[in-house]
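Breakdown of the fold
Spelled out from the first residue to the last, the chains are:
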Amino acid sequence: MVIQQNEMEVAALSDKYASGAAWMNGEVIPIGEASIPVNDWGLIHSDITYDVVPVWNGGFFRIQDYLDRFFESMKALRLDPKMTRGKIQEVLTEMVSISGFRNSYVSMVCSRGLPRVSGSRDPRDCANYFYSWCVPYIHVIKPDIEVIGASALIAESVKRIPDNSINPIVKNYHWGDFTVGLFEAKDSSYETVILTDQDGNITEGPGFNIFAIRNGTLITPKSGVLSGISRKTVLEIAEGLGIRTEIRNIKKTELLRTDEVFISTSGGGVIPIAKVNEQIFSDGQCGAVTLEIRKTYWTWMNSPAYRTEIFYKN
Ligand SMILES: *Cc1c(COP(=O)(O)O)cnc(C)c1O
């Protein structure tokens, strides 16, 4: 009887957090109850930064790397939520543990917040605000397509926002360019979009970095991109596999002449791109080199060397 009751409690708890959990003001709450003020500068000015760390099979992947990047982003924007790195890790762990998610997309966010002095237009007056939320693991490309290779369109209607206007190294919510590009791609039945910079160099897509393989060499754009943790992981994997790598500019015309294309993201790992514009890559499938890197990525996701296990309460 007692056991039954416990089972019911556990079922009710997991139901409560079925769509996600959030950490706000010291408390873990169901994601549907999480909200920020309508006049928070994060919302009205996109004056906000965030990071996303994946949880796989009950453990964080490379969490120290994600925390490093989050703290660098906050520093670059002069955001200080008055929370230590240890406290943030503790908060993320507690939230995921209560949510019960074994595979999760875990977001940490710091917003400019609201001015302490009513009506102030001075960013130094704001009380910066940290919050966090987690949902079931997100695949940037649908899992069935992730295996066979997605299609991507290089947008014509929009360019990536210049990196001397919005620094792409700071993970940000300035997605206006990606959204215009996504409409263009989706309207032509492509799964996703790739943006170029003002000079026609390939940059990145909505939430992912881009790689190409040409004559056995792995190439990834040097500038105008976020320093993806998955990108870093791919470069380390390539080194281990003895694959030559080049970090440099790639023009759109060069990308279309390469042998294999793939993207990297914490939302799905290493994902083959079988078609860019009208060009078909590796016979419209996942290329051989991409497959090897993809397999290694998932081995690393499960490897104790890169993991921080979570003790679950639910
Ligand atoms: C998050 C993100 C990426 C991928 O970074 P990961 O750390 O690999 O998840 C790439 N580009 C942009 C614009 C992003 O927001």
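Please read these numbers as outputs of a predicted model, since none were measured by experiment.

1. Notes on the nonpolar core
Core analysis: the biggest nonpolar cluster contains 47 residues, and Phe-60, Leu-92, Val-106, Met-108 and Leu-218 have the highest contact counts within it. Among the elements that make up this core, the one with the highest residue count is helix 4 (residues 85-99) (six residues). Here this core spans two domains, since at least three of its residues come from each of domain 1 (2-138) and domain 2 (143-301). Here Leu-92 is in contact with Val-53, Phe-60, Ile-63, Leu-67, Val-106, Ser-107, Met-108 and Ser-132, once residues within four sequence places are set aside. Ile-202, Ala-212, Ile-263 and Phe-281 belong to the second-largest nonpolar core, a separate cluster that totals 19 residues.

2. Here's the deal with helix 6 (residues 176-187)
For helix 6, with twelve residues, the first-to-last C-alpha span of 17 Å sits near the 16 Å given by 1.5 Å per residue. Taken together, the buried positions of helix 6 are Asp-177, Phe-178, Gly-181, Glu-184 and Ala-185. Down the axis of helix 6, the buried set is contained in an arc of 125 degrees. They therefore lie on one face. Turned more than 90 degrees from where helix 6 packs its buried face, Phe-183 and Asp-187 sit exposed. Phi turns positive one or two residues past the end of helix 6, at Ser-189, with a value near 65 degrees.

3. Let's talk about the domain arrangement of the protein
In terms of domain boundaries, the protein breaks down into domain 1 (2-138) and domain 2 (143-301). Each of domain 1 and domain 2 has a C-alpha centre, and these two points are 27 Å apart. With 21 residues of domain 1 in contact, the opposing surface of domain 2 contributes 23 residues. Between domain 1 and domain 2 the total buried area reaches about 1900 Å² when both faces are included, carbon and sulfur atoms providing 59% of it. When the buried area of domain 1 at its contact with domain 2 is split by residue, Tyr-50, Phe-61 and Arg-69 rank highest and sum to 34% of it. Where domain 1 touches domain 2, the interface holds two salt bridges. The partner of Glu-236 in a salt bridge is Arg-62, and the shortest N-O contact between them spans 3.1 Å. Our count for the domain 1 to domain 2 interface comes out at ten residue pairs in polar contact (both at pLDDT 80 or more).

4. Topic: the site of the ligand
Around the ligand, the structure places 15 residues, and the nearest of them are Lys-171, Glu-204, Ile-229, Ser-230 and Ser-266. The separation between an oxygen atom of the ligand and a polar side-chain atom of Lys-171 is 2.8 Å. Contacts to the ligand include Ile-229, whose backbone N or O atom sits 2.8 Å from an oxygen atom. For the shell around the ligand, the per-class residue count stands at six nonpolar, six polar and three charged.

About the criteria used
For every chain, the first residue of the written sequence is number 1, and numbering continues from 1 along that sequence. For this predicted model, a pLDDT threshold of at least 70 governs which residues receive local features, and a threshold of 80 or more governs which side-chain atom pairs are given and counted, while totals over whole chains, interfaces and linings are taken from all residues. Note that water and hydrogens are dropped before the side-chain values are worked out from all heavy atoms of the structure. By convention a nonpolar core is built from buried Ala, Val, Leu, Ile, Met, Phe, Trp, Tyr and Cys residues, the set being connected through side-chain atoms within 4.5 Å. Exposure is judged per residue with a 1.4 Å probe applied to protein chains only, and the accessible area is read against the type maximum: over 50% gives exposed, under 20% gives buried, and values in between give partly exposed. Helix and strand definitions follow DSSP, with helices as H or I runs of at least four residues and strands as E runs of at least two, each counted in order from the N terminus. Domain start and end points were adopted from an automatic or database domain assignment. The contact criterion used throughout is that any non-hydrogen atoms of two residues lie within 4.5 Å. What a helix is expected to span follows from its residue count: subtract one and scale by 1.5 Å. Summarising the geometry, the arc corresponds to the directions from the helix axis toward the C-beta atoms. Reported buried area values correspond to the accessible surface (1.4 Å probe) lost by two parts on association, with both partners' losses combined. One speaks of a salt bridge when a side-chain nitrogen belonging to Lys or Arg is within 4 Å of a carboxyl oxygen belonging to Asp or Glu. Polar contacts, as counted here, are pairs of nitrogen or oxygen atoms within 3.5 Å of one another; within protein the pair requires one atom able to donate a hydrogen and one able to accept it, and residues that are adjacent in sequence qualify only if both atoms are side-chain atoms. Only a single heavy atom is needed: when it lies within 4 Å of a molecule or strand, its residue is near that molecule or strand. For this classification, Asp, Glu, Lys and Arg are treated as charged, while Ala, Val, Leu, Ile, Met, Phe, Trp, Tyr, Cys and Pro are nonpolar and the rest, including Gly, are polar.

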